Amino acid sequence: MTSDPAEEMAGNLAEDISQKTSSFIHSTNHRDLLDIVDALRSHGVSHYVDLPQIIVCGSQSSGKSSTLESISGIEFPTAEGLCTRFATELILRRGDKPDIKVHIQPGATFGATAKNQDEFPRIVEAATEAMGLGNTEGAKVFSTDVLRIESTSPSAPNLTLVDLPGLFGASDKNQSDDDAKLVQDLVVSYMRQRRSIILAVVAADNPFANQPVTKFARDIDLSGTRTLGLITKPDKIDQGSDSERYYVELAQNLNVNLTLGWHVLRNRGHGTTDDTTEERDKRESEFFAGEPWNALDPSQLGVESLRARLRKVLWKQIQLGLPGVKAEVQSGIKDCRAKLAQLGKARSTIREKHTYLQRISSRLCKLVRAAIDGVYADQFFESYPGQQDAFERRLRAHVQKILSEYAEQMRIDGHALEIVEDDMMPTRGSHRRYTMREDYLKLVKILTTECRGRELPGPYNPLVVGDMFSRQCKPWESITQSLVEQIHEAAARTFHKMVSEICDENTRTRLMKGHIQPALHRLRQDLKDKVDELLEPHLSIHPITYNDYLTETVQHIQTQRHDRKCDELSLKACGYTSENAPDKTTVVNLGRILTDLKVGTRPNVEYSASLAADVAAAYYQVALKKFTDDVSVNAIETCLIQRLPDVLSPDVVWDFSEDDVKRLGSEDDNTVKERNETAKKLAILETGLKDLDAFVARSGVHAVTAEQSGKNEV
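Residues numbered from 1 in each chain as written. Predicted model: local features only at pLDDT ≥ 70, side-chain atom pairs only at ≥ 80, totals over all residues. Heavy atoms only, no water.

Q: Could you give an account of a negative patch on the surface, naming the residues involved and the relevant values?
A: Together, Glu477, Asp529, Asp532 and Glu536 give the surface a local cluster of negative charge. The leading source of residues in the negative patch is helix 16 (residues 505-540), at 3 residues. Assignment of secondary structure puts aspartate 532 in helix 16. (Patch = residues over 30% accessible without salt bridge, like charges linked within 9 Å, V, L, I, M, F, W, Y side chains within 5 Å. Areas by Shrake-Rupley, 256 points an atom, 1.4 Å probe, with all protein chains shown as cover. Salt bridge = Lys/Arg side-chain N within 4 Å of Asp/Glu carboxyl O. Lys, Arg positive; Asp, Glu negative; His and termini not counted. Charge placed at Lys NZ, Arg CZ, Asp CG, Glu CD. Helix = DSSP H or I, 4+ residues; strand = E, 2+ residues; numbered from the N terminus.)

Here's what the structure looks like:
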């Protein structure tokens, strides 16, 4: 059977490439490692997990494309000036049939097959136009699309080499500052892929300070375990010059120190573009045989040594990174399954939509019940140090915190005026928020006059206590209404978190806006009505209590005042108080002390006003405790918290009308698209995991732990 000449030429080109790169294979185990990485890449795992690859990056015209050509054997366009406008991935893959395919990902629809080396410039030019790049006015200069060149042959190593656009700082008529940022972001994004080997190219004919590639590499690859410096164009600098000495020191790792060190390469120049590979390698060997480059270790010079060094780095990177790849694939599978469970099955019929809503309600009801019971065993309630939304998930803890703060605020700010004993200092700063007791008694005296009933002269009308209390408890309403809003907001946030966890964004939006938020608003109104009901007796009915705490508090207030007064009088009379009086016999003026105590502790004419003020203060404390507990139990707990599981319970969903089911359970195009993409990702990752498991089972690479791998991935 006669072979197709075009296929034969393509096969020959693929074989040429594989021969150039075959030195990347060191052993059968090495080949197996490269094979498993390629298998993962071919399945599409690289879209979701960083896989080992070699990226060639540097400034414009630093010799990146020539370097990639020297390594791979593919002749990329290497014209002076602006050349590489997009990332080019050279994927070398082992296969039965030699072949080379070219396409663009993910942008334009483009595909080509290379038959020989001469066709590569034409293919790259066609790809450039397909990406919308060109020299016409308005055309883009750079693209984030990727040109993928897949070369397959029986002897090829499975690896990926990436040529990136050159970094530049100054803009001109051909490339803007925005273009510079686009290129930098593209290069840095490849560098940040934790398993990429960075081949940082610097040209010897350009001052090192003008080439930022090594700074980016060192900032990203902190451990330096995946960055190899490469000096190109050593033949472009004058022999014996300061520049030459500088770059020789750089190659010796005496200037900018890199963990993997430096390498030197002499590529084809302007006058040697037509050299064959053999001629190119011969010129390079002759150049490095001369001074001062011959002082360097031979392993640092030339393309063959570079392939060997890259092979070792690649081997180590794959070996150390593979456990991490597996862990990420497993994590991705777990996330995909959780996402698919969240999205639910495709639903087009009423029954399917109703079943989906029933599943959501069942899960939601269980989570809400656990949240209000304070049982946080479910994974939804998982908490870790520094977590910002722990309270939003753990509703009972959140409510307890809010109620504790409410009780404290009521204790501190619940009374309109702080009545300060005359011998004490106020705790409030504003004069409008406190009054001294002496001044307050004047107000009370006026109130007792205004409230005078049938009582005999001297005693006060009990209604005056209610008048003073109603004035003091005015802040209760605003503080408690603020509490209602806080509790409602806490419940709404918890529902939002739960529903976001259980279902897709489309359904969450429909449920929150169409059912849950209106239901919570109704509960909030019920709660407000209950708070008003609890407030009403304190604002309109005369004080009523049968709590012994009232008389005990009145007695305590008066006893404290009496004791302070006695200590004040005795201190003036003899210099001692009950707290610091000595046990030994002391000579004092007993008559003066007794007289002062008798006169100083006599009831004054304002005794009834004083007693009324004390009773009002004691009643306020009794009522405050009761009201705070009533709000917490009879309002917050009964009217809202305990009713939350019924907001979207299975019984509620069961009673949904057909219109309700359509309105709340339908899925949009984004949900369908997301389900399909997630299912595709899951299939890719599961296939990749099978390959990884099979490889680990036969190779023993699992001896390198994921923990060790993580230390080497920065």
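Q: Any details on the pairing of strand 9 (residues 262-265)? Residues and values, ideally.
A: In the case of a regular strand, side chains alternate between the two sheet surfaces. Here strand 9 shows no split at all, with Trp262 and Val264 on one side and His263 and Leu265 on the other all buried. Pairing of strand 8 (residues 227-232) with strand 9 involves 4 bridges; the strand directions are parallel. Residue pairing across strands places glycine 229 opposite tryptophan 262, the latter belonging to strand 9. You can see the chain leave strand 8, run along helix 7 (residues 242-251) and come back into strand 9, and the turn it takes is right-handed. (Buried < 20%, exposed > 50% of the residue type's maximum accessible area, 1.4 Å probe, protein only. Pairing = 2+ DSSP bridges. Right-handed = clockwise from strand over helix to strand, strands pointing away.)

Q: Can you tell me about the nonpolar core, naming the residues and giving the values?
A: Counting 78 residues, the largest nonpolar core has Leu364, Trp476, Phe495, Leu511, Ile516 and Leu644 as the members making the most contacts within it. Here this core takes 17 residues from helix 19 (residues 607-640), the largest share from any one element. Apart from residues lying up to four places away in sequence, tryptophan 476 is in contact with Met410, Gly414, Phe469, Leu535, His538, Tyr620, Ala623, Leu624 and Phe627. The next biggest cluster of nonpolar side chains, apart from the first, holds 40 residues, and it includes Cys57, Val183, Val187 and Val213. (Core = buried A, V, L, I, M, F, W, Y, C linked by side-chain atoms within 4.5 Å. Contact = heavy atoms within 4.5 Å.)

Q: Before we move on, can you summarise helix 9 (residues 302-343) with the specific residues and values?
A: For helix 9, the principal kink sits at glycine 321 and spans about 40°; a proline, proline 323, occurs within the next four residues. After helix 9 finishes, the residue glycine 344 shows a positive phi value of roughly 75°. (Bend = angle between axes of the 7 residues up to and from the residue.)

Q: So what about the environment of aspartate 614? Which residues, and what values?
A: For aspartate 614, the location among the structural elements is in helix 19. The exposure class of aspartate 614 is buried, given its relative accessible area of 3%. Leave out the neighbours within four places in its chain, and aspartate 614 touches Arg437, Val554, Ile557, Gln558 and Arg561.

Q: Describe in detail the pattern of salt bridges, supporting the description with residues and values.
A: The tally for this structure, following the rule as stated, stands at 28 salt bridges. Close ionic contact of arginine 663 with aspartate 660 constitutes a salt bridge, the shortest N to O distance being 3.0 Å. Pair noted here: arginine 663 and aspartate 660 are both in helix 21 (residues 658-665), with a separation of 3 residues, about one helical turn. Between arginine 675 and glutamate 667 there is a salt bridge; the shortest N-O distance is 2.5 Å. Each member of the pair arginine 675 and glutamate 667 is classed as buried. When salt bridges with common partners are traced through the structure, they connect Asp389, Glu392, Arg393, Glu489, Arg493, Lys497 and Glu501 into a single cluster.

Q: Could you give me a rundown of unusual backbone geometry, with the residues and numbers involved?
A: With an omega of -5°, the peptide bond between glutamate 291 and proline 292 qualifies as cis. Its location among the elements puts proline 292 in the loop between helix 8 (277-288) and helix 9. In this model, serine 61 sits at a positive phi of 60°, which is unusual for a non-glycine residue. Looking at where serine 61 falls in the secondary structure, it is placed in the loop between strand 1 (53-58) and helix 3 (64-72). In this model, lysine 233 sits at a positive phi of 55°, which is unusual for a non-glycine residue.

Q: Can you tell me about the confidence of the model for the protein, naming the residues and giving the values?
A: The pLDDT averaged across the protein works out to 79; a share of 82% of its residues lies at or above 70. For residues 702-714, every residue scores under 50 in pLDDT, and the model assigns this stretch 23 contacts once sequence neighbours within four places are set aside. (pLDDT = per-residue confidence, 0-100.)

Q: Provide a residue-level description of the side chain of threonine 553, including the pertinent values.
A: Looking at the secondary structure, you find threonine 553 in helix 17 (residues 549-574). What makes threonine 553 buried here is its relative accessible area of 5%. Non-local contacts of threonine 553, meaning those with residues more than four positions away in its chain, are made with Ala618 and Gln621.

Q: Could you give an account of a nonpolar patch on the surface, with specific residues and numbers?
A: Where nonpolar side chains cluster on the molecular surface, the patch consists of Ile541, Ile544 and Tyr546 and spans about 390 Å² of accessible area. On the secondary structure map, isoleucine 541 appears in the loop between helix 16 and helix 17. Residue classification places isoleucine 541 among the partly exposed residues on the basis of a relative accessible area of 47%.

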